[in-house]
Amino acid sequence: MKFKALTAIAALLIAPAAFAGGADDDTLTINGDLDMVTKTAAPDHLSDAFDEIISGWHFRSDETQQLQTDDFENQGMIFVDQAIDQWNTAEGSEGKSCADCHSDPADSMVGVAATYPKWNEEAGEMRTVQMQVNDCRTNRMGAEAWKYDAGDAVSMEALIASVSRGMPVDVAIDGPAADYWEAGKDIYYTRFGQLELSCANCHEQNYGNYIRADHLSQGQINGFPTYRLKNAKLNGSHSRFKGCIRDTRAETFSAGSDEFIALELYVKSRGNGLSVEGPSVRN
Amino acid sequence: MRLTAITAAAVLATGAAFADTVAPGDVQFGEYGDVATSLSGMAGDADKGSVIFSSRSKGNCAACHAVAQLPDVAFQGEVGPELTWTGEARTAEELRGIVANAKMTFPDTVMPAFYKTTGFTRPGDGYTGKAAQGDLSPILSAQEIEDVVAFLLTLQES
């Protein structure tokens, strides 16, 4: 008995060392046949910061990782199913559904999640997937825009991501995207709030380290939207950015803001080459 | 009698009312970021410092630092160096400076400043995500800094 207690204390004392070691060496295959690239060479624009970019999947426990390997276990897929119903539902003054213009998302939406946010020439704006969906809703369906990063909007984003799973993230950062990219990069390296912490302080300088119970990843968004066990719902990237900035004791930006659109483009570009994983599962 | 006790407690709570307390903006840092004298004018309490070190709503130092002497504190962090031997390696003056504003000792460090109230980008109202209303309070009070320093000085291997 006494021996046991002592061993437990010894185990606690060495605990931090026992957790250490950064990303694991597991490999991710979905539904037994879709191999995912979860580690790869950093894109050129990141080469002074990283040699290798790594999906957030590698920093989660084996149990959490397992949930993402099978669509029947991945609770994010429940929201994808709901979005498929929505896809086929006519709405708005034009009486049209997404399916009326785009038929089957498994054909028409392939590659979308890999390349957004994307410059829209006609509108002269940088568009996220959710902005594009809302553009279709308001301008082509005569329906109301969905609230950013809320229920229907994230579920639809998850459906659109799911049909690109396994494709490499490949967002353009040159041409008209360059200014947004620079603005996003500025935000990434700004030390916000009373704790004066930037995204880079945690996700570039300290990935692989534990910050209390959380194992810090590179903060990649190739897995978004993510189903989080913690809040049992799908989470958009802007909501995640909000949470991270809030945790520095700062005033956050809002979901759908110009700042977060630029930050989404920038963070997404840091994952150029990783497979699209959304909807992924995280804790 | 009752009334004075309450007033005294209120004064204690605000701290700043003590003549000997050094305000965050008045802290004098030495060449290497050290701070020579007690910020509260009083000695620190190591037991209280240990609680401040590990509680999330106070210093939350354990989020980033591991300390072997606190085996009951779960999930000690790895972002900063382990502090198990800090009481041997550092003086009270150095530790006070590091906890008050670590950037005076380690420029650009990830470690937050615990006794600083200005110069932030988009300061928030605690962890609400909303803008701060009015002036910020330092994360730790002058006496809490002294308590943490007293605790750090007890961290010695022998």
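Here the structure is shown first, and the text comes after it.
Residues numbered from 1 in each chain as written. Chains lettered and ligands numbered in written order. Predicted model: local features only at pLDDT ≥ 70, side-chain atom pairs only at ≥ 80, totals over all residues. Heavy atoms only, no water.

1. Considerations on the overall build of chain B
Our working rule: Numbering of helices and strands starts at the N terminus; helices are DSSP runs of H or I of at least 4 residues and strands are runs of E of at least 2. For every residue, the accessible area (1.4 Å probe, protein chains only) is compared with the maximum for its type, and the residue is labelled buried under 20%, exposed over 50%, or partly exposed between those bounds. In what follows, residue pairs with any heavy atoms lying within 4.5 Å of each other are defined as contacts. Method for areas: the Shrake-Rupley scheme with a 1.4 Å probe, in which residue coverage is limited to the protein chains shown.
Helix and strand content of chain B: five helices and zero strands. Ordered by position in the sequence, the α and β elements of chain B form the string α-α-α-α-α. Within chain B, the fraction of its 158 residues that count as buried is 42%. Looking at chain B alone, contacts between residues at least 24 apart form 56% of all its contacts between residues at least 6 apart. Of the roughly 8500 Å² of accessible surface on chain B, 57% is carried by carbon and sulfur atoms.

2. A closer look at the pattern of salt bridges
The cut-off we apply is this: We count a salt bridge whenever a side-chain nitrogen from Lys or Arg sits within 4 Å of a carboxyl oxygen from Asp or Glu.
This structure, assessed with the given rule, holds 14 salt bridges over all chains. Residue Glu-251 of chain A is joined to Arg-122 of chain B by a salt bridge in which the shortest nitrogen-to-oxygen separation is 4.0 Å. Here Glu-251 of chain A, found in the loop between α11 (237–246) and α12 (258–269), pairs with Arg-122 of chain B, found in the loop between α4 (92–101) and α5 (142–153), and the two come from separate chains. In this structure Arg-122 of chain B comes out as partly exposed when scored by relative accessible area, which is 25%.

3. Considering the nonpolar core
Where we set the bar: Buried Ala, Val, Leu, Ile, Met, Phe, Trp, Tyr and Cys residues that are joined via side-chain atoms within 4.5 Å together make up what is termed a nonpolar core.
With 35 residues, the main nonpolar core has Leu-39, Phe-53, Ile-145 and Leu-152 of chain B as its most contacted residues. Only α2 (46–54), α4 and α5 of chain B provide two or more residues apiece to this core. Considering each element in turn, this core owes the most residues, six residues, to α5 of chain B. For Ile-145 of chain B, the contacting residues outside a window of four places in its chain are Leu-39, Arg-96, Val-99, Ala-100, Phe-114, Tyr-115 and Leu-140 of chain B. Formed by 28 residues, the second largest nonpolar core is a distinct cluster that contains Phe-50, Trp-181, Ile-245 and Phe-260 of chain A.

4. Section: unusual backbone geometry
Residues and elements named next belong to chain A. Here the residue pair Tyr-116 and Pro-117 is connected by a cis peptide bond, since its omega of 0° sits within 30 degrees of zero. Topologically, Pro-117 is positioned in the loop between α6 (112–115) and β5 (118–120). Following Phe-224, the chain continues to Pro-225 via a peptide bond in cis, the omega torsion being -5°. For Pro-225, the position within the fold is in the loop between β8 (214–215) and β9 (226–228). In this structure, Ala-232 takes a positive phi of about 55° despite not being glycine. Take Ala-232: it is sitting in the loop between β9 and β10 (233–235).

5. Some words on the interface of chain A and chain B
Frequently, the measure chosen for interface size is the accessible area that the parts lose on association. Test applied: Buried area: the accessible surface (1.4 Å probe) lost by two parts on joining, summed over both. Polar contact criterion, stated in full: a pair of N or O atoms within 3.5 Å, where within protein one must be able to donate a hydrogen and the other to accept it, and residues adjacent in sequence count only if both atoms are side-chain atoms. Residues are grouped as follows: Ala, Val, Leu, Ile, Met, Phe, Trp, Tyr, Cys and Pro are nonpolar; Asp, Glu, Lys and Arg are charged; all remaining types, including Gly, are polar.
Taken residue by residue, the interface counts 31 residues in chain A and 39 residues in chain B. Both sides of the chain A and chain B interface together cover about 3000 Å² of buried area, and 54% of this is carbon and sulfur. It is Gln-194, Arg-212 and Arg-249 of chain A that lose the most area in chain A upon contact with chain B, and together they represent 30% of the buried surface on that side. In this structure, the connection of chain A to chain B is made through three salt bridges. Viewed at the interface, chain B and chain A are joined by 13 residue pairs in polar contact (both at pLDDT 80 or more). At the level of elements, α1 (2–19) and β7 (210–211) of chain A are the ones that each hand at least two residues to the side of chain A that touches chain B. Per-class residue counts for the side of chain A that touches chain B are 15 nonpolar, nine polar and seven charged.

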